[in-house]
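# Notes for the structure review
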Amino acid sequence: MSAAEEKNLGDMLAATVPMVRTLDLEFLETGAERAVLRLPDQADYHNHLGGPHAGAMFTLAESASGAIVMAAFGDQLDRAVPLAVRAEIGYRKLAMGEVTATATLGRPAAEVVAELDEGERPEFPVTIEITRADGAVTGEMTVIWTLRPHG
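The following paragraphs examine the structure supplied in this document. As the structure is a computational prediction, the values presented were derived from the model and not from experiment. Starting afresh in each chain, residues are numbered from 1 along the sequence in its written order. Only residues with pLDDT of at least 70 get local features here, since the model is predicted, and only at 80 or more are side-chain atom pairs given and counted; chain-wide, interface and lining totals rely on the full set of residues. Side-chain measures here rest on the full set of heavy atoms in the structure, leaving out hydrogens and waters.

## Some details on the packing of aromatic side chains
Each aromatic pair joins two rings of Phe, Tyr and Trp (for Trp, the six-membered one) with centres within 6.5 Å, and gets the label stacked for planes under 30 degrees apart, edge-to-face for over 60, and tilted for any other angle. According to the stated counting rule, one finds one aromatic pair in the structure shown. Where phenylalanine 73 meets phenylalanine 124, the ring centres are 4.9 Å apart and the plane angle is 50 degrees; that geometry is what we call tilted. Separated by 51 residues along the polypeptide, phenylalanine 73 in helix 3 (residues 54-73) and phenylalanine 124 in strand 5 (residues 123-132) bring together distant segments of the chain. To sort residues, take the accessible area from a 1.4 Å probe on protein chains only and compare it with the maximum for the residue type: under 20% means buried, over 50% means exposed, and anything in between is partly exposed. On the basis of relative accessibility, which here comes to 2%, the residue phenylalanine 73 falls in the buried class. Among the residues examined, phenylalanine 124 registers a relative accessible area of 0% and is labelled buried. By the criteria applied, helices consist of DSSP H or I runs no shorter than four residues and strands consist of E runs no shorter than two, each listed in order from the N terminus.

Structure below.
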């Protein structure tokens, strides 16, 4: 995916998912192998300790997972809709300042598409690591996605 296509995907997600705009998430990388989003430090989304609220970090990570899913499976939208099935998050260390979420696809995209080709409704994990500016991992999340065939 070219840099222009990655920017367009970020713009499209910001335009179609209001929560992305609400939190002012920044799309740093939106490829089929990896997606990276940043949540700027914003006082309106702080918790009682002055860092990013757990809900804001959840939304950041889930949005990163959605970006990689769209990059990997956007060419399947004419026959299936991607849906998050379930998510689990663990908050590991105190997050302060801006945080970044890096998402990776847990199964090869070709394998998922092959299941769709066989008439199945494939499920696949996306793992996300949330880090603060000093590189410390503050959270880890897994979102299980599916491609639900139309009709």
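## Quick notes on a nonpolar patch on the surface
Exposure above 30% relative accessible area and no salt bridge define the residues that can form patches, which grow by joining like charges within 9 Å and nonpolar side chains of Val, Leu, Ile, Met, Phe, Trp and Tyr within 5 Å. Using a 1.4 Å probe, accessible areas were evaluated by the Shrake-Rupley method; residue-level cover was limited to the displayed protein chains. A pair is scored as a salt bridge if a Lys or Arg side-chain nitrogen falls within 4 Å of a carboxyl oxygen belonging to Asp or Glu. Together, Leu49, Leu94 and Met96 line one region of the surface with nonpolar side chains, adding up to about 260 Å² of accessible area. Within the fold, leucine 49 resides in the loop between strand 2 (34-39) and helix 3.

## Digging into the nonpolar core
The nonpolar side chains of a soluble globular protein tend to be buried, and buried together. Among the nonpolar cores identified, the biggest contains 37 residues, and Phe73, Phe124, Val126 and Ile128 are the most heavily contacted of them. Taken together, the elements giving at least two residues each to this core come down to helix 1 (3-16), strand 2, helix 3, strand 4 (99-105), helix 4 (109-117), strand 5 and strand 6 (137-149). Looking at this core, the element that brings in the most residues is helix 3, giving 12 residues. Beyond its immediate sequence surroundings of up to four residues, isoleucine 128 is in contact with Ala61, Ser65, Ala101, Thr102, Ala103, Gly139, Glu140, Met141 and Val143. Here, nonpolar core refers to any group of buried Ala, Val, Leu, Ile, Met, Phe, Trp, Tyr and Cys residues whose side-chain atoms link them within 4.5 Å. A contact between two residues is defined here by any heavy atoms of the two lying within 4.5 Å.

## Digging into the pattern of salt bridges
Using the criterion set out here, one finds nine salt bridges in the structure. In this structure, arginine 38 and glutamate 98 form a salt bridge, with 3.9 Å as the shortest nitrogen-oxygen distance. Here arginine 38, found in strand 2, pairs with glutamate 98, found in the loop between strand 3 (80-91) and strand 4; they are 60 residues apart in sequence, far enough to count as distant. Under the relative-accessibility criterion, arginine 38 is labelled partly exposed at 22%. A relative accessible area of 33% places glutamate 98 in the partly exposed class.

## Side note on the layout of surface pockets
It is the rolling of a water-molecule-sized probe over the atoms that shows where space remains empty. Reported here for the largest pocket is a volume of approximately 180 Å³. In this structure, the largest pocket is lined by 14 residues; those nearest its centre are Leu13, Val17, Gly66, Met70 and Trp145. Of all the secondary-structure elements, those providing two or more residues to the lining of the largest pocket are helix 1 and helix 3. Per element, the largest residue contribution to the lining of the largest pocket is six residues, and it comes from helix 3. Three categories are distinguished: nonpolar for Ala, Val, Leu, Ile, Met, Phe, Trp, Tyr, Cys and Pro, charged for Asp, Glu, Lys and Arg, and polar for the others, with Gly belonging to the last. Residue composition of the lining of the largest pocket, grouped by class: 10 nonpolar, three polar and one charged. Only protein atoms enter the 1 Å grid, on which a cavity is a set of points fitting a 1.4 Å probe that cannot get out and a pocket is an open set with protein on both sides within 12 Å along at least 5 of 7 lines, lining residues being those with an atom within 4 Å of a point. Grid points are joined across faces, edges and corners, and a volume is the space filled by probe spheres set on the points.

## Some details on the pairing of strand 4
Most of strand 4 sits inside the fold, with five of its seven residues counted as buried. When DSSP finds at least two bridges between two strands, those strands are taken to pair. Looking at chain direction, strand 2 and strand 4 are connected through six bridges and run antiparallel. In the sheet register, leucine 39 faces strand 4, and the bridge partner there is valine 99. Where strand 4 meets strand 5, seven bridges bridge the pair, whose relative direction is antiparallel.

## So, empty space enclosed by the protein
If you walk through the whole model with that rule in mind, you get one cavity of 30 Å³ or more. Contributing to the lining of the largest cavity are Leu39, Pro40, Asp41, Gln42, Tyr45, His46, Pro52 and Gly97. Looking at side-chain class alone, the lining of the largest cavity contains four nonpolar, three polar and one charged residues.

## Comments concerning the environment of aspartate 24
Position of aspartate 24 among the secondary structure elements: in the loop between helix 2 (18-22) and strand 1 (26-30). Between the C-alpha atoms of aspartate 24 and methionine 70, which are 46 residues apart in sequence, the distance is 19 Å. Apart from residues no more than four positions distant in its own chain, aspartate 24 is found in contact with Arg38, Pro40 and Gln42.

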